[in-house]
Amino acid sequence: AAETALAVILLVGAGLFLRSLGRLQQVTPGFDPRGVMTATTVLPEAAYADPARRADFFTQVVETLSTTPGVTAAGVGFPIPFSGGNSSGSFSIEGRTAQPGDPGPHGDVRAVTPGYFRAMGISLVAGRMFGDQDRSTGVVVIDENLARQYWPGENPIGQRVRGGGPNAAWATIVGIVRHVKHSSLSDDGNKGVAYFPFWQRPVPFGTIVARTTGDPALLVGPIRDAVRRVDPAQPVGRLRSLETLVASSLAPSRFLTRIVSFFAAVALGLAALGLFGVISYTTVRRTQEIGLRMALGAQLGTVRGMVVAQGLRLASFGVAVGLVAAVVLGRLLASELYEAPAVDVPTLAVTVGILIAVALAASYLPARRASRIDPLVALREE
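Conventions used here
- Residues numbered from 1 in each chain as written.
- Predicted model: local features only at pLDDT ≥ 70, side-chain atom pairs only at ≥ 80, totals over all residues.
- Heavy atoms only, no water.
- Helix = DSSP H or I, 4+ residues; strand = E, 2+ residues; numbered from the N terminus.
- Buried < 20%, exposed > 50% of the residue type's maximum accessible area, 1.4 Å probe, protein only.
- Contact = heavy atoms within 4.5 Å.
- Areas by Shrake-Rupley, 256 points an atom, 1.4 Å probe, with all protein chains shown as cover.
- Pairing = 2+ DSSP bridges.
- Core = buried A, V, L, I, M, F, W, Y, C linked by side-chain atoms within 4.5 Å.
- Axes fitted to C-alpha atoms, helices over the stretch in contact; angles between N-to-C directions.
- Parallel < 35°, antiparallel > 145°, perpendicular 65-115°, else oblique.
- Left-handed = near helix turned anticlockwise from the far one by under 90°.
- Phe/Tyr/Trp six-rings, centres within 6.5 Å; stacked < 30°, edge-to-face > 60°.
- Lys NZ or Arg CZ within 6 Å of the ring centre and 35° of its normal.

## With respect to the overall build of the protein
Point 1. Summing up its helical and strand segments, the protein has 11 helices and 11 strands in all.
Point 2. Per-residue burial over the protein gives 45% buried out of 382 residues.
Point 3. Considering only contacts in the protein between residues 6 or more positions apart, those separated by 24 or more positions represent 81%.
Point 4. Split by element, the accessible area of the protein, about 18800 Å² in all, is 59% carbon and sulfur.

Written out as C-alpha cells, the structure is:
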C-alpha cells in the first residue's frame, strides 16, 4: 500500500510536469523560429573603433547575405531572443515630466537592422518598420507591451522618446510590433522593448539572423562566406538555429519531467511487484481455506474474485493516501508549472486508472493459481 501511494504521488507529479511542458511547447514566442540560422560576430575594438565602420560592416554582411540564393531575409540584431543576453535602460517621453522619486519609463533595448524583423518573423501591429530612408533621422520601433505600458489608450506613433540622458537625440516612434518573449516561454516579465536602428547604436558585436524556406543548417556556409567577403579576418561563432535556441530554454523542464517520469515508472513497477508478492504469499497461506471452499461448492469466479478483491483493497488504500499527498504536492509545485492546475482532475483520474489496472494485473496470476487448486490436495496441506 505504501509503494502504491508513492507511485500515485510520482505519477501525478510526472503528469503535471508533462502537461506543463506540453503547454510550454505550444506557446507562441512572438516570432517564427522555423528556418532561421543565427551566428555571432564580435568586432575587435582596435580595428573597429569607429562606430560608423561597425555599422558599415554589418550592413554589408546583410546586403551580401540577402543576395545569396536560398536566403529569403537577413538582418542583424543585439541581443536576440533566447541568446542569453539582454540590454535595458531608462528613457524620456517628450512632453512628460518625471515626478520626484519616479525612475521614469524603462524598457529593454535592441539594436537591429531593417531586415531583422522580417528575418525573425516579427509581425507589424501598426505604423511601419524603419528603413534605409531613415538614416538621417532618429526613429524607433516599439513593441505592443511598451505601447500599452506608457501610452494606454493612446496612439504612440509620432511620439518622441529619448534614451541615454538629456543630451541624447530624440527618436520618433514610427511603428509597433508584436511582443517577443526574450528568455523564457513561460514568463519573461512582459517588459516592453524599443528597437533602434543599428546605425544609431552601432555596438561592436551582433548576431546575424538569416531565414530560408528549407533546412537552416544549409545557411552555415553562406553566412561564413558573407562575413569573409566583407572582412576575411573576422571569425563567425555560435552558429545555431533559432529553433535550437528556443528548445534549449525548455531543457530544464524536459530534464525535470524525465527524472520524475523515470522514478514514477520505477515506483509503479515496485508497486506491481509488491502487490503480486503479497497476494501470492497470502494465497499460499490460504490454500486449505480455498480448498475447503471449493470442496463445498465455491465457483472458480468466486475464488478468483476473492483473491482479486484483496489486491484491490490494498491498492485502493494506497491510492487514497497517495491522492491526498498528490494534491498537497500539486499545490507546492504550482509555481513550477505553466498553465497546469495544481489539482488536475484528468491527471488524477488517469493515475487512479493506471494503478487499478496494475493492481488487477498483479492480482490476476495469484487468483488464477488459487482457482486451479485441487480441493483434495489442498485439504491435505499442513
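## Side note on the pairing of strand S2 (residues 71–78)
Point 1. Counting buried positions along S2 yields six of eight residues, so the element is predominantly enclosed.
Point 2. Note that S2 and strand S10 (residues 205–212) share six bridges and pair antiparallel. When the sheet's bridge partners are listed, alanine 73 is paired in S10 with arginine 211.

## Focus: the environment of glycine 107
Point 1. Of note, glycine 107 is situated in strand S4 (residues 106–112).
Point 2. As a C-alpha pair, glycine 107 and serine 88 span 19 residues in sequence and 5.6 Å in three-dimensional space.
Point 3. Beyond its immediate chain neighbours, meaning those up to four positions away, glycine 107 contacts Ser88, Gly89, Phe91, Leu146, Lys191 and Gly192.

## Regarding the nonpolar core
Point 1. Membership of the largest hydrophobic core comes to 30 residues, with the highest contact counts inside it found for Phe31, Tyr116, Phe117, Ile122 and Tyr195.
Point 2. For this core, the elements supplying multiple residues, two or more each, are helix H3 (116–120), strand S6 (139–143), strand S8 (171–177), strand S9 (193–197) and helix H6 (242–248).
Point 3. Sort the elements by how many residues they give to this core and H3 lands first, with four residues.
Point 4. When neighbours within four sequence positions are excluded, tyrosine 195 is seen to be in contact with Arg110, Val112, Tyr116, Phe117, Ile122, Phe130, Val140, Val141, Val177 and Val180.
Point 5. Grouped together as the second largest cluster of nonpolar side chains are 21 residues, Phe57, Phe58, Val62 and Leu219 included.

## Quick word on the packing of helix H2 (residues 51–66) against helix H5 (residues 220–230)
Point 1. At a minimum axis distance of 9 Å, the contact between H2 and H5 shows a crossing angle of 135 degrees. Relative to H5, H2 is oriented oblique. Between H2 and H5 lies a crossing of right-handed hand. On the side of H2, the interface is formed by Phe57, Gln60, Val61, Thr64 and Leu65, while H5 contributes Pro222, Ile223, Ala226, Val227, Arg229 and Val230.

## Focus: the packing of aromatic side chains
Point 1. Inspection of every chain in the model, using the stated rule, returns 11 aromatic pairs.
Point 2. Taken together, a centroid distance of 5.1 Å and an interplanar angle of 70 degrees make the contact between phenylalanine 117 and tyrosine 195 edge-to-face. In this pair, phenylalanine 117 is assigned in helix H3 and tyrosine 195 in strand S9, connecting sequence segments 78 residues apart. The exposure classification of phenylalanine 117 matches that of tyrosine 195, with both residues buried.
Point 3. Among the aromatic side chains, those forming a connected cluster through ring pairs are Tyr116, Phe117, Phe130, Tyr195 and Trp199.
Point 4. Here the guanidinium or amino end of arginine 53 rests over the ring plane of tyrosine 48, the centre of that ring lying 4.5 Å away.
Point 5. Positioned above the aromatic ring of phenylalanine 196 is the side chain of arginine 201, whose terminal nitrogen or guanidinium carbon lies 4.0 Å from the ring centre.

## A word on the pairing of strand S7 (residues 160–163)
Point 1. Taken together, the three bridges between strand S3 (residues 88–93) and S7 define a ladder with antiparallel strand orientation. Its bridge partner being in S7, isoleucine 93 is matched across the sheet by valine 161.
Point 2. Strand direction decides the pairing type here: S7 and S8, joined by two bridges, are antiparallel. Paired with valine 161 across the strands is alanine 171, a residue of S8.

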